[in-house]
Amino acid sequence: MGIRYFALPVPAQLVAIARINPRAFLSDAHFWESWSDPPDRPEALFLDKCWWDLQQLFGGMDPESTRDAYELVRGNVTEYGYGWIPFDRVLSAEEVFKVSIDLASVDLPELYQNFTPHMSPDWAAIMDGRRSAVESYLEAARKFTVQLSELGLGLIYSIG
């Protein structure tokens, strides 16, 4: 199992409400079903467990040098006992636009080159072994955020 990541679109006019009660947007099947069928309704984004790799690559070792794409994966669960409380976050349409612009300019090999020297050789090898998966999830994130930007939508994501 483990901690996973997924994101759903949110209509721009509902972003403020989603920020007040994010779980209502994540757990209400009726809300999700009320959207029209694809292609009018954007699909969800699933980053599975690669969210952590993207978080490390976008956030870097210095919190001051995070890029706009980091906003798509910022946050972590709150652990307790034998479980965790998910981390939920809502991005406005403007924030999604900034993320999509930054994701379009991401050079994954350069990110790895700049980041892995700061890790232990073991972790660097593990991250390098997951590079092709990270690349495919990065492409899915690009497509998702571009689609939401074109439709003027925000998003809600959950890490948990």
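Note that this is a predicted model, so its numbers are computed, not measured.

Student: How should helix H5 (residues 93-104) be read in this particular structure?
Tutor: An α-helix turns once every 3.6 residues. As a result, residues three or four positions apart point the same way. Compared with the 16 Å implied by 1.5 Å per residue over twelve residues, the 17 Å span of H5 between its first and last C-alpha is a close match. Three or more residues of H5 are buried, namely Ala 93, Val 96, Val 99, Ser 100, Asp 102 and Leu 103. For H5, the elements touching its buried residues are helix H4 (51-59), strand E5 (87-91), helix H8 (131-151) and strand E6 (154-159).

Student: What is the right way to read the confidence of the model for the protein from this model?
Tutor: Detailed reading of the predicted coordinates is not advisable wherever pLDDT falls low. Taken residue by residue, the protein gives an average pLDDT of 88. The fraction at 70 or more is 89%. By mean pLDDT, the top-scoring element of the protein is H5 (98), and the lowest-scoring one is helix H3 (residues 29-33) (55).

Student: I'm lost on the side chain of Asp 53 in this one. Help?
Tutor: Topologically, Asp 53 is positioned in helix H4. In this structure Asp 53 comes out as buried when scored by relative accessible area, which is 1%. A polar atom in the side chain of Asp 53 sits 3.0 Å from the side chain of Arg 130.

What counts and how
- Residues numbered from 1 in each chain as written.
- Predicted model: local features only at pLDDT ≥ 70, side-chain atom pairs only at ≥ 80, totals over all residues.
- Heavy atoms only, no water.
- Helix = DSSP H or I, 4+ residues; strand = E, 2+ residues; numbered from the N terminus.
- Expected span 1.5 Å × (residues − 1).
- Buried < 20%, exposed > 50% of the residue type's maximum accessible area, 1.4 Å probe, protein only.
- Contact = heavy atoms within 4.5 Å.
- pLDDT = per-residue confidence, 0-100.
- Polar contact = N/O pair within 3.5 Å; in protein donor to acceptor, adjacent residues only side chain to side chain.

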